[in-house]
Amino acid sequence: MSNEPTVMQKIVSLCKRRGFVYQSSEIYGGLRSAYDYGPMGVELKRNLTNEWWRAMVHSREDIVGIDASIFMHPQVWKSSGHLSNFSDPMVDCKVCGERFRADKAPTAGEGDEISLELADKGRAKVALEKAQELAGEGVELRREGKHIRGLTAGDRGYVCPNCGSPFLSDERQFNLMFRTFHGPVDPIGDMVKAVTRAAEAGEDPRQAAEKALEGSSVYMRPETAQAMFVQFANILQSTSMKVPFGIAQIGKSFRNEVTVEHFIFRSVEFEQMEMEFFVEPGKGPEALEYWKNERMRWWSTYVKEENLRLRAHGDDELAHYSDGCFDVEYKFPWGWDELEGIASRTDYDLKAHTEGSGKKLVYFDPEAENPETGKKGWRYTPHVVEPAAGATRGVLAVLCDAYDEEPGDESGKGKRTVLRLHPRLAPIKAGILPLVKKDGMPEKGREIVERFLDAGVNAKFDQQHAIGKRYARHDEVGTPYCLTVDGQTGDDDTVTIRYRDDRRQERIKVDEAVEVVRTALAEGTR
């Protein structure tokens, strides 16, 4: 078995080494599924979200933005269905204790031969005893190293994703929303009293606890979309937007995911880039067609087109209110997975909040013909098409897409690791490198850096280590252009610009350096 790290392991290692992503609270052992974005990561994520905002809001007249509170009135989540329906089927493995989502578990047909695999021989010995007890006397199991053999799958249709065991608890629903409490009084004391009274009266203590907490419970939003529906009337009134129009938002969402996987791909805290596009009834399919193509076009600017695909949802995947949905999927190192969803949500959300709040969330078009009366003036509930992208998933996708290793020649010379990020996404746009720390080169380099910063271009002065090591360092963080100040600079006021992707070099005037880089950034030149 090869000890060579996988591509994903290499990317995770680079992310920590070069300051893209750190494990949260690492000095205390870390917190599962929580990550901090370092100096390079925060710039990359911000650049990606800025590109999205520019494309979705600043480059259009029919979309406006909003930045809503993370906490909303609890009735919002009741009306939207999140309190009753936003849950996953959870299962516990009776052998290894793993808790997982049933809908994400590996499949296994009834009667299929299966093998349990534990982390090591010691755990396998303990697991053998548990599995043998669960299997009963009629089944003889055997251990081979860290594997346990002699079992067949049951009628559940799946096994434990951690060890492969078919011995599982019953499925139970687990709500994904984080709950906390709002107000100056701690409700825990009231809850304890309510539970005690319920137990004494022979009533359900859980229901008593829920009722005691109900008045002060609030939830950390599991998506950014609902605020755009709730503020629909206010935005109409304050902006005079006309249908079709959209409301866009970038912000953090929180889901109490039990199954977390693939680094930052699925985590409990994540950032979303969502837009709700409101159209006339009957125009949803047309808008869905437009936005699925537009979103594919946007993503293909920043990742390779061959690593993208558009997948239509089957009828069994669609929400009950949706009449169409597509996923933009990216080919991650582990396979195809969702990057963005584009869904036709019909008029479900606005009607749900109209019913829940008692406030009419409708649109009046004085020029449109009412299809029921044939007269001018039509008041209706708009339908919605929602392109919803994951910013954190987007960061992982562009990192995976950009990561490359060049082997060099037979002696290994020229070998390098490089992030071929789109130049506008790169954390640092230009590295300014004095060849040596003398002869006025550092001072000239500082002067050039100031020119870039004054022009709004993120540049970094770097004089530590040999020039080759500095090039390698900037290759690993994706810096598209490095400008080297050398002995010739003092003679003719030129510098060498080195392009990251093909390592070609050319001389340019110092006075032209900022404009050369700005033009290359605008054109995406690598």
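What you see is a predicted model; the values in this text were computed from it and never measured.

J.: Describe the packing of aromatic side chains, listing the residues and the values that go with them.
T.: Throughout the structure, instances matching the rule amount to 19 aromatic pairs. With centroids separated by 4.9 Å and ring planes inclined at 80°, the aromatic side chains of Tyr290 and Trp291 adopt a geometry described as edge-to-face. By relative accessible area, which is 38% here, Tyr290 ends up partly exposed. By the ring-pair criterion, three or more aromatic residues cluster together here, those being Phe229, Phe232, Phe245 and Phe278. Residue placement shows Lys45 over the ring face of Tyr37; its charged tip is 4.9 Å from the ring centre. When the ring centre of Phe326 is taken as reference, the NZ or CZ atom of Lys292 above it lies at 5.1 Å.

J.: Kindly report on helix α11 (residues 348-357), identifying the contributing residues and their values.
T.: Considered for burial, the residues of α11 that qualify are Asp349, Leu350, Ala352 and His353. For α11, the arc enclosing every buried residue in end-on projection is 160°, short of the 170-degree limit, so these residues lie on one face. Lining the buried residues of α11 we find α3 (74-80), α8 (225-230), α9 (232-239), β13 (269-279) and β16 (335-346).

J.: Lay out the sheet that holds strand β6 (residues 113-117) with the relevant residues and their values.
T.: Judged by pairing direction, the sheet is antiparallel, and its three strands sit side by side in the order β6-β8-β7 without closing on themselves. At either margin of the open sheet sits one strand with a lone partner, and together these are β6 and β7 (142-144). The average undirected angle you get between the axes of adjacent strands in this sheet is 35°. By the bridge criterion, three bridges tie β7 to strand β8 (residues 147-152) in an arrangement that is antiparallel. The residue bridging Arg142 from the neighbouring strand is Arg149, located in β8. In the packing of helix α5 (residues 121-135) onto the sheet, contacts are made with β7 and β8, and the angle to β7 comes to roughly 160°.

J.: Any details on a nonpolar patch on the surface? Residues and values, ideally.
T.: A surface patch of nonpolar side chains, about 230 Å² in accessible area, is lined by Phe181, Ile188 and Val192. Residue position: Ile188 is located in helix α6 (residues 188-201). Classification of Ile188 by relative accessible area gives partly exposed; the value is 36%.

J.: Could you give an account of the environment of Asn47, naming the residues involved and the relevant values?
T.: Within the element layout of this structure, Asn47 appears in helix α2 (residues 39-58). Residue classification places Asn47 among the buried positions, given a relative accessible area of 12%. Taking the C-alpha atoms as reference, Asn47 lies 9.7 Å from Val395; in sequence the two are 348 residues apart. A polar atom in the side chain of Asn47 sits 3.1 Å from the backbone oxygen of Leu425.

J.: Kindly report on unusual backbone geometry, identifying the contributing residues and their values.
T.: The step from Val243 to Pro244 runs through a cis peptide bond, and the omega angle for that step is 5°. Structurally, the position occupied by Pro244 is in the loop between α9 and β12 (245-254). Of note in the backbone geometry, Ser240 takes a positive phi value of approximately 60° without being a glycine. Tracing the sequence through the fold places Ser240 in the loop between α9 and β12.

J.: Quick one: what's the story with the layout of surface pockets, residue by residue and with numbers?
T.: Where empty space is left can be seen by rolling a probe of water-molecule size over the atoms. Considered as a void within the structure, the second largest pocket measures approximately 340 Å³ in volume. Lining the second largest pocket are 10 residues, and of these Asn175, Arg179, Arg206, Glu210 and Tyr219 lie nearest its centre. Contributions of two or more residues to the lining of the second largest pocket are made by α4 (82-85), β9 (172-175) and α7 (205-214). The residue inventory of the lining of the second largest pocket, partitioned by class, reads three nonpolar, three polar and four charged.

Basis of the calculations
Residues numbered from 1 in each chain as written. Predicted model: local features only at pLDDT ≥ 70, side-chain atom pairs only at ≥ 80, totals over all residues. Heavy atoms only, no water. Phe/Tyr/Trp six-rings, centres within 6.5 Å; stacked < 30°, edge-to-face > 60°. Buried < 20%, exposed > 50% of the residue type's maximum accessible area, 1.4 Å probe, protein only. Lys NZ or Arg CZ within 6 Å of the ring centre and 35° of its normal. Helix = DSSP H or I, 4+ residues; strand = E, 2+ residues; numbered from the N terminus. Arc of directions from axis to C-beta. Contact = heavy atoms within 4.5 Å. Pairing = 2+ DSSP bridges. Axes fitted to C-alpha atoms, helices over the stretch in contact; angles between N-to-C directions. Patch = residues over 30% accessible without salt bridge, like charges linked within 9 Å, V, L, I, M, F, W, Y side chains within 5 Å. Areas by Shrake-Rupley, 256 points an atom, 1.4 Å probe, with all protein chains shown as cover. Salt bridge = Lys/Arg side-chain N within 4 Å of Asp/Glu carboxyl O. Polar contact = N/O pair within 3.5 Å; in protein donor to acceptor, adjacent residues only side chain to side chain. 1 Å grid on protein atoms, 1.4 Å probe; cavity = no way out; pocket = protein on both sides within 12 Å on 5 of 7 lines; lining within 4 Å. Points joined across faces, edges and corners; volume = space filled by probe spheres on them. Nonpolar A, V, L, I, M, F, W, Y, C, P; charged D, E, K, R; others polar.

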